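Architecture and fold: a report
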Amino acid sequence: MLATTLIIAQCLMASTVSQAEPLLYSVLPISNSLQREGISLNGEWKMLVDPYENGYYNYRWEPFDQQESPDRQSYFLDVKPADRSDRIEYDFDKAESINVPGDWNTQHEKLYFYEGSVWYRKAFECSPPEGMRAFLVFGSANYEAHAYLNGKKLGSHVGGFTPFQFEITDLLREGTQSLVVKVDNKRLREGVPTLNTDWWNYGGLTRDVRVVFVPQSFIHSFTLKLKPGSRDTVILEAWIDNPSTDKQLKLVIPEMGIDQDFQADEQGHIVVEAQARRIYMWSTTSPKLYDVALAYGDDHLTDQIGFRTITTEGQDILLNGRPVFLRGISIHEESPLTQARAHSREDAEALLSAAKELGCNMVRLAHYPHNEHMARVADEMGIMVWEEIPVYWTIQWDNPSTLENARNQLRELIHRDRNRASVIIWSMANETPVSEGRNAFLLKLVEDARAMDSTRLISAAMEYHRDPENPQKLIVEDPFADHTDIVSFNQYVGWYYGMPQDCANIEWHIPYDKPVFISEFGGGAKFGMHGDHLDRWTEEFQHELYQQTLPMLGKIEGLRGMSPWILFDFRSPRRPLPEVQDFYNRKGLLSEKGEKKLAWYVLKDYYTDTDRKWRNR
Ligand code: GCB
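Residues numbered from 1 in each chain as written. Predicted model: local features only at pLDDT ≥ 70, side-chain atom pairs only at ≥ 80, totals over all residues. Heavy atoms only, no water.

In the contact formed by helix α7 (residues 539–554) and helix α8 (residues 598–615), the axes pass within 7 Å of each other and the chain directions differ by 20°. Relative to α8, the element α7 lies roughly parallel. The element α7 and its partner α8 pack so that their crossing is right-handed. Contacts between α7 and α8 involve E539, E540, Q542, H543, Y546, Q547 and L550 on the former and, on the latter, L598, A599, V602, L603 and Y606. Its residues placed into classes, the contact of α7 with α8 shows seven nonpolar, three polar and two charged. (Axes fitted to C-alpha atoms, helices over the stretch in contact; angles between N-to-C directions. Helix = DSSP H or I, 4+ residues; strand = E, 2+ residues; numbered from the N terminus. Parallel < 35°, antiparallel > 145°, perpendicular 65-115°, else oblique. Left-handed = near helix turned anticlockwise from the far one by under 90°. Contact = heavy atoms within 4.5 Å. Nonpolar A, V, L, I, M, F, W, Y, C, P; charged D, E, K, R; others polar.)

Shown next, in the form of structure tokens:
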């Protein structure tokens, strides 16, 4: 499926190229789509639920897409071929409405647990300014999407959390446009993620949808970073779509005194250095962002970009050369404002403000790429970010198309967020069982990540095992740790294993000269449920667990941070316990609405103290 996606997308988006990676840049979306001129397709759409995929397959289970005769096309495309009979069995105009962006599960009660296909239709007016090209850009669609404009297939996309686009310049017609998208969130054994996860499988067009207008030649994407080892030179790399020899790319960063023009090569690729007056580093205490403007002929782009270094030395993590402790918290992409899939800037501000209030300088965005607002708001608020892809638990390690799918999601994520100073870690996987197939799979991802972006750290949330001779001795040894910059692992002593007081006797064995990061720990508590500190699900139990866990982790040599599980309670189909879970994972320090549980204060005090200690190092 992915291969088809790539090929279709390539044909439709004919023109983007780069010298280094011609295929890559022809299929990746243009950057900064939210900042470009265009129209928003957010708002009310129509939807038809299609559990049997009746609009996609005929009665022989053959896709309509592959039928040659027009009268064999799907009825659901919102166009009626002239020679078709007048029998129709759908009607978008009479169908129910749904808001985009948004998940379908929380908008229609009957779709709460639904996993399958829904057809979306948006009728809209669109007339691009004279001579401009038009691109339809989706922030994401979970999990597989097929898009059709005015009855013509644009292409498809696999992967629920990253952006994709189609050029529609030649498919726009006079009058009203009809955009139809089939979105399918069925879980798949060979998918990324696979069948089993501990989060809600929200379906739909969950992020912004826009039509973006660009000139015939335009800046497809760019990266700006510090030159390695330098504090006064930036490296600009850019890809021009449809380059022309009479145009130059202009870079202007007024506060740095940069105003220079550069020539692209024949493929439209540019890699150049620009000398700045002086560069103030982005940091968590002073998140300096520079106004950056790029122009290529009539194409103009602006952005705010920070510059920083993130490296490791022995067991230290260095931000701009200074050791830091990552006071983190894990977050799922669910909004405390709406109790639905988060998608807006307001959602990002609510989530990250709660992290700030807790005393965090870092967040782990689990377990898949969150929407683009998160890293942008983190840039502004001075919060370091760990981003990851949904290579979670039991992926099909030996399936080449599964690997391609994971590589594609990683590529789309890095491509989208690599100008965000806040993002310091790309994480490859979560709690994946060690095997040769898994090691090779993850190694391929690391190679890709390092090739695309050498300015960030690589990690993965790994696991520990018990010493068979001594159950109190917990060992973190994973061949994949040889390839990461940080040794991160999840641990649930006191929740899944024993009771909180068992923490006191645990010894850790972590034989790596690398920073150690605890990517998860925690336990469940229902807000407002009180009792003894040994009673599960009470706030007192969770409070006790945090009180016992922090000193246990403090004994780990090389401990350089943690992102406990988790900031807010979040929905999970694996959590049915009536009156306690009600399909929520209750390990939040805050309820899903933001009410503080007792353990919140334990972590907040610990972070206040840690901040004080590390400030003076
Ligand atoms: C984990 C997983 C996370 C779960 C959590 C839990 O280890 O990484 O996705 O939600 O445990 O609550 O069990």
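Continuing now.
Turning next to the domain arrangement of the protein chain. Taken domain by domain, the protein chain comprises domain 1 (31–214), domain 2 (218–308) and domain 3 (328–615). Relative placement of domain 2 and domain 3: their C-alpha centres are 33 Å apart. Taken together, the 18 residues of domain 2 in the interface contact 20 residues of domain 3. Contact with domain 3 buries surface across domain 2, with W282, T284 and R308 losing the most and accounting together for 41% of the total. On the surface where domain 2 and domain 3 come into contact, there are two salt bridges. Between R420 and D303 there is a salt bridge, with the nearest N and O atoms lying 3.3 Å from each other. There are eight residue pairs in polar contact (both at pLDDT 80 or more) connecting domain 2 and domain 3. Broken down by secondary-structure element, the contributors of at least two residues to the side of domain 2 that touches domain 3 are β11 (218–226) and β17 (299–305). Per-element tally for the side of domain 2 that touches domain 3: the top contributor is β11, with six residues. (Domains from an automatic or database assignment. Buried area = accessible area lost by both parts, 1.4 Å probe. Salt bridge = Lys/Arg side-chain N within 4 Å of Asp/Glu carboxyl O. Polar contact = N/O pair within 3.5 Å; in protein donor to acceptor, adjacent residues only side chain to side chain.)

So, on to the sheet that holds β11. Taking strand neighbours across the sheet as the criterion, the three strands line up as β11-β12-β15 in an open arrangement whose pairing is antiparallel. If you trace the sheet from one side to the other, it starts and ends with β11 and β15 (269–275), each paired once. The sheet shows a mean angle of 20° between the axes of neighbouring strands, direction not considered. Relative to strand β12 (residues 233–241), β11 runs antiparallel, the two sharing eight bridges. In the strand pairing of β12, L226 is matched with V234. (Pairing = 2+ DSSP bridges.)

The subject of this paragraph is the sheet that holds strand β13 (residues 249–253). Strands sit in the order β14-β13-β16-β17 across an open sheet of four strands; the sheet is antiparallel. The sheet is open, and its two borders are formed by β14 (258–262) and β17, each paired with just one other strand. Mean inter-strand twist for the sheet, computed between neighbouring axes without regard to direction, equals 15°. Across seven bridges, the pairing between strand β16 (residues 290–296) and β17 is antiparallel.

Below, the discussion takes up helix α5 (residues 400–417). The first and last C-alpha atoms of α5 sit 26 Å apart over 18 residues, in line with the 26 Å expected at 1.5 Å per residue. Across the 18 residues that make up α5, a large majority, 15, are buried. (Expected span 1.5 Å × (residues − 1). Buried < 20%, exposed > 50% of the residue type's maximum accessible area, 1.4 Å probe, protein only.)

As a further point, take unusual backbone geometry. Glycine aside, residues mostly have negative phi angles, and peptide bonds mostly take the trans form. The peptide bond linking V192 to P193 adopts the cis configuration, its omega dihedral lying at 5°. Tracing the sequence through the fold places P193 in the loop between β9 (176–184) and β10 (209–214). In this model, Q339 sits at a positive phi of 55°, which is unusual for a non-glycine residue. Mapped onto the elements of the fold, Q339 is located in the loop between β22 (330–331) and α3 (345–357). We note that W393 has phi near 55°; this positive angle belongs to a residue other than glycine. On the secondary structure map, W393 appears in the loop between β24 (384–388) and α5.

Turning our attention to the site of the ligand. Around the ligand, 14 residues are found, and the nearest of them are D198, H367, E431, Y496 and K587. Isolated, the ligand exposes 320 Å² of accessible area, and the fraction of that covered by the protein chains is 96%. Classifying every residue of the shell around the ligand gives five nonpolar, four polar and five charged. (Near = heavy atom within 4 Å. Areas by Shrake-Rupley, 256 points an atom, 1.4 Å probe, with all protein chains shown as cover.)

The next point concerns empty space enclosed by the protein. Counted according to the given criterion, the structure contains five cavities of 30 Å³ or more. What lines the largest cavity is a set of 27 residues, among which S33, L34, P163, E372 and R416 lie closest to the centre. A per-class count over the lining of the largest cavity returns eight nonpolar, nine polar and 10 charged. Size it by volume and the second largest cavity reaches roughly 130 Å³. Along its surface, the second largest cavity is lined by 14 residues, and Y143, R187, P193, T194 and N201 are the ones closest to its centre. (1 Å grid on protein atoms, 1.4 Å probe; cavity = no way out; pocket = protein on both sides within 12 Å on 5 of 7 lines; lining within 4 Å. Points joined across faces, edges and corners; volume = space filled by probe spheres on them.)

On the secondary structure map, H483 appears in the loop between β28 (470–475) and β29 (487–490). It is 29 Å that separates the C-alpha atoms of H483 and T610, two residues lying 127 residues apart in sequence.

Okay, the pattern of salt bridges next. Counted according to the given criterion, the structure contains 44 salt bridges. Across the pair E447 and K444 runs a salt bridge, and its minimum N-O distance is 3.3 Å. In this pair, E447 and K444 both sit in helix α6 (residues 436–452), three residues apart, roughly one turn of the helix. A salt bridge links D467 to K473, with the nearest nitrogen and oxygen atoms 3.9 Å apart. On the accessibility criterion, K473 (22% relative accessible area) is partly exposed. Here the salt bridges share partners, and the residues they tie into one network are D303, E372, R376, D379 and R420.

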